[in-house]
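Chains, contacts and geometry: an overview
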Amino acid sequence: MNKRQLNKSFCPTIESGQILILGVIVIGLVLVNTLVIIGGSQIYSNNAKYSVEETQATNLAEAGVDKALASLNATGGSYNGDSEIQLGEGSYSVTVTTPDVGTKVIEATGYIPSKAEPKVTRTIKVSASKGLGVSFNYGVQVGEGGLQMSNGARVNGSIYSNGNVSMSNNSIVTGDAYVAGGVAPAPDQESVCTTPSCTDFVFGKNVAGNDQLDVAQSFKPSVSDYLNKISLNLKKVGSPPDITVRITKDKNGSPDKNNVIASGTLPASLVTGNYGFVEVTFTSSPQVNSGNTYWILLDTTSNATNYWSWSADSSQGYTRGAAKWSANWQATTPIWNSTLVDLDFKTFMGGTRTNITGTNGSTVQGDAHANTLNSLLINGGAYYQTANGISAGNYYPGSADPPAKAMPVSDANIQAWKDAATAAGVYTGNISSCRTTLGPGKYVGNVTFTNNCMVTIKDPVWITGYLNLSNNVVLNLDSSYGASSGVIVVDGVITLSNSCRLLGSGTAGSYLLTLTTYDSRTNGSTAVSVANSGNQGVLYAPYGMVVISNNNHMTELTAWKINLSNNVVVDYDTGLASSFFSSGPSGSFSIIKGSYQEK
Amino acid sequence: MKGFSLLEVIIVSAIGLVVGTFLISILVNSNGFFFKQGAVINEGVNINDTMDNLTSMIRQASAVATGYPEATPSFVTSSHVLVLKLASEGPTEIIPDTYDYVVFSTDPTNPNILRMQIFPDPQSSRKSTNQVLTTLLDNVQYKFYDKNGNQVTPVSASVVEVSLTVLAQTGQVSSQRTSKVSVTLRNM
């Protein structure tokens, strides 16, 4: 018997072969692959679920911010937060702190699924305030009166003027210089209601079943020229966002959506709860032809609590146009309905050819933009249509005239500050002796401080007479303002002499704006006079002439007309581009732009 | 000694061949499925994490910058590069008029790598970062819109649309996934 027969006799069931081993190995590999895939799928599923939950938590936190804003407005600012509010598949909590007057810091956290056992949390922090944000974007901004610089006057920053700029005797602008195409002083077309025909046209919400979201007023220019700016008589309810304003051609008696010839932005911050004319300028001034019909079109979205009202003439006295509204001006076939009123508006066409003229070494170190440039040294580019005797880094002939620029503070804003000052208290009688604090309130009379007087300001302060400061007087905002700014409104003339200073709270970004409504256009007198060196501040005179001389050092100037001489320096502070006035109009809390943070 | 007959060898070989072919086929298919699903999982995790980073930064941005540094840019915002300007963070609150820059761009040496680089202002408490978001980038595209949905230049944008495509490839096996999202700049 051989070995094989012997094995078979003792172990009749043993068989030779390797397929089973191979099979086991392969099945093992397949099982491992399957388990790894299942594990990976689990990871992917958890990761995808986490991503969704992150988004949900972020949305919950933003809901918390919205809730906080609504509650602050409903309670007049006394809302302090909520520990936890359930919403959908998660919850949110809110804390509110008050770092300074007029500012609230809101921190909202979203939780999935709950605060007690969160799998995902997201925190959003914003600052909110009940005030007015104003952008002073230029070292010097001038109206139609123009700017004169002489005898070493210097602007460290850029200038923007709606009137001519004259520079002589080594005057310098270190940034860019813009002179807008001339604007005619009187409106070409206008419709202004008179009592008792004045009524309201509400838009930006549903009114009696109609979505009155887009509204337009037509007009026919009497001359062919550039339309440099328009003015609209508006008020707002709540806090609607900025409006895009467009100029369109006419098509069959309605705005032609395919022929928009200009657009600009109407900042909501310039409009208050009371009617006031607000200027709108365009990114480029459109050319309009006499006798043709054009439309001023305002485009809004629907919001039941934040909307607009346009002052209207129910007698429809304007014969060169009409007003219409639509639910959607960009629909395939937009439907325009008559408003049965004329909406209050003014149009301002181009005027004279404006220029920057320089003599005796006057220099613009940045770019210069104007219709005409004369005898100027320009380190950057020269943008012009006519040039005489200039020397520039680069030349750009045939450049379009810069558009006119609206003032950064509207009449409605100023009136709202006055109303707030009146509400804070009215004090009658001239003030001529030093005191430690001033404001808030309305002061009926003149205010004079002299001889090292230091006064802490709580705004708004409204002085119905003149403001006269001399000999080292310092007016500074209370330190509780933090980074917020404040305002003094003066009806009369402002005079600063001998090292007087107008200062913010001491925190970066805080300014004390001193503003006069004195009208130099009618009587030619100076609205603001700053002399005899060492004076400092931010001055604003929308209808006034500001004259500054003799080694004074200002932070920013905005006025109808400005005269700088004798080594005056305007040292522009970039923080003015986002200054914030806690005592501003509108009266509702809103998020301070730029404060949104995710933690 | 008796061995295997020729017929037995042939039959066994034939059976072994058939069974072995099935087994190898199962193994190959299983491996192919494993690599593909692994690629899908990898892509999914990558794209989720990348989008989370992008959307968070866009939400917090004050503006889309033309480039970084703004004066002489090494990175220029385009349809494939995104430069964001974020307010710098101090110890307790935002530092006014001071900005950090965040750049999303492909690696210059490897176009499949998407990087996020943070260039903080010296005063900012935000940390400088150079982070790889994904190594599977196939394509990224940015589009810029205003609040009315009109396409505008990057610096005027208040909404950024991001379209991100990742591609995982192993040998002949590949898988592609695209995600698109529109994000509003909350600080614009």
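In this text, all values refer to a predicted model and were calculated from it rather than measured experimentally. (Residues numbered from 1 in each chain as written. Chains lettered and ligands numbered in written order. Predicted model: local features only at pLDDT ≥ 70, side-chain atom pairs only at ≥ 80, totals over all residues. Heavy atoms only, no water.)

1. A word on the overall build of chain B
- Assigned secondary structure in chain B consists of 1 helix and 10 strands.
- Across chain B, helices and strands are ordered from the amino to the carboxyl terminus as α-β-β-β-β-β-β-β-β-β-β.
- Scored against the burial criterion, the 188 residues of chain B give a buried share of 43%.
- The contacts in chain B between residues at least 6 apart in sequence include a share of 51% that link residues at least 24 apart.
- With an accessible surface of roughly 9,800 Å², chain B has 57% of that area assigned to carbon and sulfur atoms. (Helix = DSSP H or I, 4+ residues; strand = E, 2+ residues; numbered from the N terminus. Buried < 20%, exposed > 50% of the residue type's maximum accessible area, 1.4 Å probe, protein only. Contact = heavy atoms within 4.5 Å. Areas by Shrake-Rupley, 256 points an atom, 1.4 Å probe, with all protein chains shown as cover.)

2. Side note on the pattern of salt bridges
- Here the structure, examined in full by the defined rule, presents 14 salt bridges over all chains.
- For Asp519(A), the salt bridge identified is with Arg521(A), shortest N-O distance 3.0 Å.
- The salt bridge partner of Arg59(B) is Glu598(A), with a shortest N-O separation of 2.3 Å. Pair noted here: Arg59(B) is in helix α1 (residues 6-60) and Glu598(A) is in strand β54 (residues 597-598), and the two residues belong to different chains. (Salt bridge = Lys/Arg side-chain N within 4 Å of Asp/Glu carboxyl O.)

3. Quick word on the state of the cysteines
Residues and elements named next belong to chain A.
- Throughout the structure, instances matching the rule amount to 2 disulfides over all chains.
- One disulfide in the model links Cys-193 with Cys-198; its S-S distance is 2.0 Å. Around the S-S axis, the bridge from Cys-193 to Cys-198 shows a dihedral of about 100 degrees and counts as right-handed.
- Cys-193 sits in the buried class, given a relative accessible area of 9%. (Disulfide = S-S within 2.5 Å.)

4. Overview of the pairing of strand β17 (residues 225-237) of chain A
All names here are of chain A.
- Where β17 lies against strand β21 (residues 287-288), 2 bridges are found, and the strand directions are antiparallel. Within β21, the residue paired with Asp-225 across the bridge is Val-288.
- In this sheet, strand β27 (residues 345-349) lies alongside β17 in antiparallel orientation, the contact comprising 5 bridges. Within β27, the residue paired with Ser-231 across the bridge is Lys-346.
- As paired elements, β17 and strand β20 (residues 276-281) share 6 bridges and run antiparallel to each other. From the neighbouring strand, Asn-233 faces β20, where its bridge partner is Phe-277.
- In the sheet, β17 pairs with strand β23 (residues 307-313) via 4 bridges, with the strands oriented antiparallel. Counterpart to Lys-235 in the pairing with β23 is Ser-309. (Pairing = 2+ DSSP bridges.)

5. Regarding a nonpolar patch on the surface
- Taken together, the side chains of Ile21(A), Ile25(A) and Leu29(A) define a hydrophobic patch exposed on the protein surface, amounting to about 270 Å² of accessible area.
- Among the structural elements, Ile21(A) can be located in helix α2 (residues 19-74). (Patch = residues over 30% accessible without salt bridge, like charges linked within 9 Å, V, L, I, M, F, W, Y side chains within 5 Å.)

6. What to know about the confidence of the model for chain A
- Of the residues in chain A, 93% reach a pLDDT of 70 or more, and the chain-wide mean stands at 88.
- At the low end of the mean pLDDT range in chain A sits helix α1 (residues 3-10) of chain A, at 51; at the high end sits strand β40 (residues 461-463) of chain A, at 97. (pLDDT = per-residue confidence, 0-100.)

7. Overview of the interface of chain B and chain A
- Residue-level contacts link 36 residues of chain B with 33 residues of chain A.
- Interface of chain B and chain A: buried area, both sides summed, is about 2,900 Å²; carbon and sulfur atoms make up 53% of it.
- Across the contact surface, chain B and chain A share 2 salt bridges.
- Across the pair Arg186(B) and Glu62(A) runs a salt bridge, and its minimum N-O distance is 2.8 Å.
- Between the two partners, chain B and chain A, sit 10 residue pairs in polar contact (both at pLDDT 80 or more).
- At the level of secondary structure, the elements contributing two or more residues to the side of chain B that touches chain A comprise α1, β4 (82-89) and β5 (94-106) of chain B. (Buried area = accessible area lost by both parts, 1.4 Å probe. Polar contact = N/O pair within 3.5 Å; in protein donor to acceptor, adjacent residues only side chain to side chain.)

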